[in-house]
Number of protein chains: 4
Amino acid sequence: MAGSSHGKLFRISTFGESHGVGLGVVIDGCPAGLDFDLDFIQSELARRKPGQSRIVTQRKEEDGVKVLSGVFEGKTTGTPIGMVIMNKDQRSKDYGHIFDKFRPSHADYTFHAKYGARDYRGGGRSSARETAARVAAGAVAQLLLRHYGISIKSYVSQVGSIVLDKSYKDLDLSQIEANDVRCPDAEMAAVMEQEILTVRKAGDTIGGVITCVATGVPAGWGEPVFDKLHADLGKAMLSINACKGFEYGSGFAGVTMRGSEHNDEFYTEEDGTVRTRTNRSGGIQGGISNGEDIYFRTAFKSVATIIQDQASVNEAGEDVTVTGKGRHDPCVLPRAVAIVDNMAALVLADHCLRARANRL
Amino acid sequence: MAGSSHGKLFRISTFGESHGVGLGVVIDGCPAGLDFDLDFIQSELARRKPGQSRIVTQRKEEDGVKVLSGVFEGKTTGTPIGMVIMNKDQRSKDYGHIFDKFRPSHADYTFHAKYGARDYRGGGRSSARETAARVAAGAVAQLLLRHYGISIKSYVSQVGSIVLDKSYKDLDLSQIEANDVRCPDAEMAAVMEQEILTVRKAGDTIGGVITCVATGVPAGWGEPVFDKLHADLGKAMLSINACKGFEYGSGFAGVTMRGSEHNDEFYTEEDGTVRTRTNRSGGIQGGISNGEDIYFRTAFKSVATIIQDQASVNEAGEDVTVTGKGRHDPCVLPRAVAIVDNMAALVLADHCLRARANRL
Amino acid sequence: MAGSSHGKLFRISTFGESHGVGLGVVIDGCPAGLDFDLDFIQSELARRKPGQSRIVTQRKEEDGVKVLSGVFEGKTTGTPIGMVIMNKDQRSKDYGHIFDKFRPSHADYTFHAKYGARDYRGGGRSSARETAARVAAGAVAQLLLRHYGISIKSYVSQVGSIVLDKSYKDLDLSQIEANDVRCPDAEMAAVMEQEILTVRKAGDTIGGVITCVATGVPAGWGEPVFDKLHADLGKAMLSINACKGFEYGSGFAGVTMRGSEHNDEFYTEEDGTVRTRTNRSGGIQGGISNGEDIYFRTAFKSVATIIQDQASVNEAGEDVTVTGKGRHDPCVLPRAVAIVDNMAALVLADHCLRARANRL
Amino acid sequence: MAGSSHGKLFRISTFGESHGVGLGVVIDGCPAGLDFDLDFIQSELARRKPGQSRIVTQRKEEDGVKVLSGVFEGKTTGTPIGMVIMNKDQRSKDYGHIFDKFRPSHADYTFHAKYGARDYRGGGRSSARETAARVAAGAVAQLLLRHYGISIKSYVSQVGSIVLDKSYKDLDLSQIEANDVRCPDAEMAAVMEQEILTVRKAGDTIGGVITCVATGVPAGWGEPVFDKLHADLGKAMLSINACKGFEYGSGFAGVTMRGSEHNDEFYTEEDGTVRTRTNRSGGIQGGISNGEDIYFRTAFKSVATIIQDQASVNEAGEDVTVTGKGRHDPCVLPRAVAIVDNMAALVLADHCLRARANRL
């Protein structure tokens, strides 16, 4: 209840600081009998890890996950799956110069206000390193969803002012991993990559937008009032470091449409399936999936750590200068794609299990 | 756990259908000793209720709330507060023509897919009428927050394509209730009102944006990982009917800013308070409040019920025409202002109580 | 989370004080499609209500339940079921003499210590009147269980020192309602009834034991670690007013048996069902049901309200005399049978739904 | 939600199987600023571990705990505390002979029924080895409680038919650790030890009772309805392997007392503290602590594993003989004392934090 758990039936609890001994996650609620594909989990972690390309931080973290429990003879047993990732490349001394300073737009000051003290090394618990644990858990959620034919695909659709102005339907989503940016449009990806390199050279950072599409979700998942499917997706996305906004279906732009333009007409397919001709609803109506593609967009601000001097204060309230140091991401988007995918998987896996209790 | 509860320590459970016997809410977790101001609760319901002006639905619902428990001699006792609102103006026969039809962009089909049946009268549980219960509970949350000097103010900042292009800081928020639209800028309010009347005349509906500002929240509320303060606010907003998007602080627009532009510098006030010179963070850093104003925006699509014929299918999968009837809102925004205020209050009241467990 | 909710998937929240306006319950999570039998619910309330016989309190409470939501055309809809019972026979002035006194072994002092104030009329929230709401909800749980062939039967097996020393297997459980005590053995029931009348005449009260048997629960319900089926049953029973102890299967007496005597041997029935020859396990092994009868015993102390003078203190800490007045139960057991039945039903219904998430 | 978590604000999630890679626990909700005493945690684990004396199993498990997160510079940070214990002395081949057999009164069959498969080695998740993780977490809870002057002491008060027939008030609880049985009465401890050795020699096992006393708990902890303090204690105890019953205060024996005998009179101490002259309530009234000692008793059955042949069936439903092998406890009580202490600590720590939300 202290905020490091996610989900109700497919429930995870993460732990670990950026420069502590290690981090990890416990999944309580994964059904028994699922083929446990450790290679897939490791491959998802590889998509998130630092040092994977020249447009991300050059920190080296192997992020090798060790499974402690809940798996037997290659299958999940239904009991909690404990996974740990030990920290290795901890250059904690890199942080000695800021131990009592509040870095602008970081969580240093708010942690201090909340807890009275904090592990200042690399942001401690507020570091995005925590998301490695989520990715490991989300990859297990993906295994569950895959079993039911559901797939989730996220990609970078905006970097700074460079916008990929196409619907996901007009893109070849198999090309997401074809470049370092994780934008499936090769041409736009090249422009985005150039922008990130320019920003890095300036010792600065930049934000952007990630678009996510989930296909194969059957009609009937999600709850009608507070735990609407898109509300849970929204919360999950907003819980990712640096995320500033979430919209699904027609989103903010759709508010200018009249009802007669926005409504999605129903029709029946030859096999009897009820479908909609358009999908401004984003696959969710009244908080419950309708069987169409679920799609949404998430905004990420520029990373707060920059390689420039900034004015700030320290714990004593004195004026100080925060000097940029360390190895940081000029743009978090390429790595965040894996986090978006796996947070979405955690939400869907939870509602997959919850949907089983609806009827006699 | 079936989705009709909100909050962890200040926890509410709502119940009730649009055309059932009544609706209500139980608040479990309101601290003892709070002055219980029933007039205020009723005044918040009045801001949400139908028939309050010519730009909203002309249904008549008195929404008189009856308090069954948890209050003694004018104060909360710490035990659950049960409140009910009985349904009165139920023209259920208005809905006979659609009992087996799936209205476009309504929750008819998804409820059917999820539960195998549904109370079709007025949308049943999926009706925004459910939000009356939330408003009653949220008003109690506001009483708690007010005790700690916290105030929440929402207003309509966009209707269709008509955008109020000013920061909340440049508006006189005491003027929100001065017009039917609940836009504090009188000039823009008049334009918005005209737009809504035009849309109504066309038997159509239109969406918009509501901006919300919470002042007085102390530093240290919110949890660092999944239950970030803005993540809980986002989920709460997205759980409101017709809400399609949420952004806080610099939001989607802010992604184009570089870190050096976006970061909020800290400084110390004369009284020793740590403040930020700018507030692109929207009062929240690392998921925890920093003492600055909290502000966010929520997008609402046009209402799905229109007074026009629409093609659809029925439960048997046959093609049908859905004919627009009944008394509906041309634009949900003016009434939704009260819902946004009170959902925000529920989130903040919950984190107010949760923050007490942080330290020895 | 403030303690007035029960269950995770079949989740209820109760509210209401003894002498407030009314009390009620919200059930969030009852599956859709269940035949809603209001007569049965009302009949369960009748088994709990005061004034039903000469061995219980002579207060008159009709306990007529009103269903506000969640039911449509005779079936549950899957949305929250709200039920209220209005208070009528409130002789609140009966309590004026004790408004600032702490009655011995009541919750007056602890409520005061916890909340700083309390609704002193009839015990307020600490009154067993709250259990009417549980019984209404539990009756719905029974409807769900009945659908799956599960039945729950409780009976009085001890009053004071009078012990019914037979296994439930040697009793005709159809005779529970045949007498006012709710003990299925007519001879013992008569002795118990006499004891209760003797105690009443002395202005005193007496305790006892209720035994409960659930038949038809399939193997596989319950969770292996903290949420063991018997742990949840135990908590549910201990949450009933005046309950002091819980034991299942061989219980406290069984601790003297050696493993070789206590173990339940498995065998296979002709139809392939795995069974145990004995059932010292009480139908639960490792926290999970094994398909055998589930049985347990609960101890209830004598009611704290007696018609005698008692020494105590008031809120100011001064010595006072508490004078016994009002209409109270000489023995809570006959009415508590309905509470035990329905609390057990709530636990089993919850695990019924939870068990659906175990496997792919 | 799948049953391996405990607590609402001081919340733990355990994971790990008897013969898997390792086990562990995440504590989410421990307040910041607590002195973290790893030696104390390790000493609590030593009280639970196998091989500590000649009357417990001779398995060797070092149970060295490794802290991965949530502690910085010797103090808790308020973020999740992750702890792991790696498995070492895994003689998994000891279990080859029972891989498809259902051992009598074990959880083999119920796990099979629930999950369709199971890790059969040493009982997997159903093994009491899981309680090592609880003890580690409970020791942290004890550190929190100790900070507020609260102490918890459990001891063995019955082994088989040998009963220590004294109140905890007439015992010197500092002598609990003075013998291997953990019975503070040296004379009775010697008799109990002899009984355990006799039972072991017979290849058999025996049960007993543990009594627990918590002192220093202030008035006002616990919730009035479902989450009564003793209900949560009861559930916690019943969640321990082999526990068959729980009673607090006067318990089962108290049901024979009349109200006039059972009620605890209040009086005021010189310093103004409200006290009771007797304590049949066991320190809890209406589910809320009253400031007196909290005491309760828990029944443990004999261990199911015996070194004798037993008739049973296998997964195919065939008759088989289960042959006793391995290194097991003749009596679980001496080791369970540490588990009772620490489960009680977990419950009290949770209510310590919950009590902070009661009032303005």
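In short, a report on the structure. (Residues numbered from 1 in each chain as written. Chains lettered and ligands numbered in written order. Predicted model: local features only at pLDDT ≥ 70, side-chain atom pairs only at ≥ 80, totals over all residues. Heavy atoms only, no water.)

## A word on helix α1 (residues 38-48) of chain B
Residues and elements named next belong to chain B.
No. 1: Among the residues of α1, Phe 40, Ile 41, Glu 44, Leu 45, Arg 47 and Arg 48 are the ones counted as buried. Along α1, the residues classed as buried sweep out an arc of 155° about the axis, all on the same side.
No. 2: On its buried face, α1 sits against β4 (65-67), β7 (81-86), α3 (131-147) and α7 (333-354). (Buried < 20%, exposed > 50% of the residue type's maximum accessible area, 1.4 Å probe, protein only. Helix = DSSP H or I, 4+ residues; strand = E, 2+ residues; numbered from the N terminus. Arc of directions from axis to C-beta. Contact = heavy atoms within 4.5 Å.)

## Here we look at the relation of the copies chain C and chain B
No. 1: Between the two copies, chain C and chain B, the superposition gives an RMSD of 0.0 Å; the rotation angle is 180° and the shift along the axis is 0.0 Å. These values place the two chain copies in the arrangement generated by a two-fold rotation axis.
No. 2: A share of 100% of the interface residues of chain C reappears at the interface of chain B, consistent with the copies meeting face to face through the same patch. (Least-squares fit on C-alpha atoms with pLDDT ≥ 70 in both.)

## Overview of the interface of chain B and chain A
No. 1: Taken together, the contacts link 106 residues of chain B with 106 residues of chain A.
No. 2: Here chain B meets chain A over a buried area of about 8300 Å², counting both sides, of which 58% is carbon and sulfur.
No. 3: Three residues, Lys 114, Phe 226 and Lys 244 of chain B, lead the burial of chain B against chain A; their summed loss comes to 11% of the area buried on that side.
No. 4: In this assembly, chain B and chain A are joined by 6 salt bridges.
No. 5: Between the two partners, chain B and chain A, sit 49 residue pairs in polar contact (both at pLDDT 80 or more).
No. 6: If one sorts the elements of the side of chain B that touches chain A by residue count, helix α2 (residues 108-115) of chain B sits on top with 7 residues.
No. 7: Taken together, the residues of the side of chain B that touches chain A sort by class into 38 nonpolar, 45 polar and 23 charged.
No. 8: Here strand β11 (residues 243-248) of chain A pairs with strand β11 (residues 243-248) of chain B via 3 bridges, running antiparallel. Note on β11 of chain B: the bridge partner recorded for Gly 245 of chain A is Glu 247 of chain B. (Buried area = accessible area lost by both parts, 1.4 Å probe. Salt bridge = Lys/Arg side-chain N within 4 Å of Asp/Glu carboxyl O. Polar contact = N/O pair within 3.5 Å; in protein donor to acceptor, adjacent residues only side chain to side chain. Nonpolar A, V, L, I, M, F, W, Y, C, P; charged D, E, K, R; others polar. Pairing = 2+ DSSP bridges.)

## Brief notes about the sheet that holds β7 of chain B
All names here are of chain B.
No. 1: Pairing is antiparallel in the open sheet, where 5 strands are placed in the order β1-β2-β3-β7-β4. The strands lining the two open edges of the sheet, one partner per strand, are β1 (5-6) and β4.
No. 2: Relative to strand β2 (residues 11-16), β1 runs antiparallel, the two sharing 2 bridges. When the sheet's bridge partners are listed, Ser 5 is paired in β2 with Ser 13.

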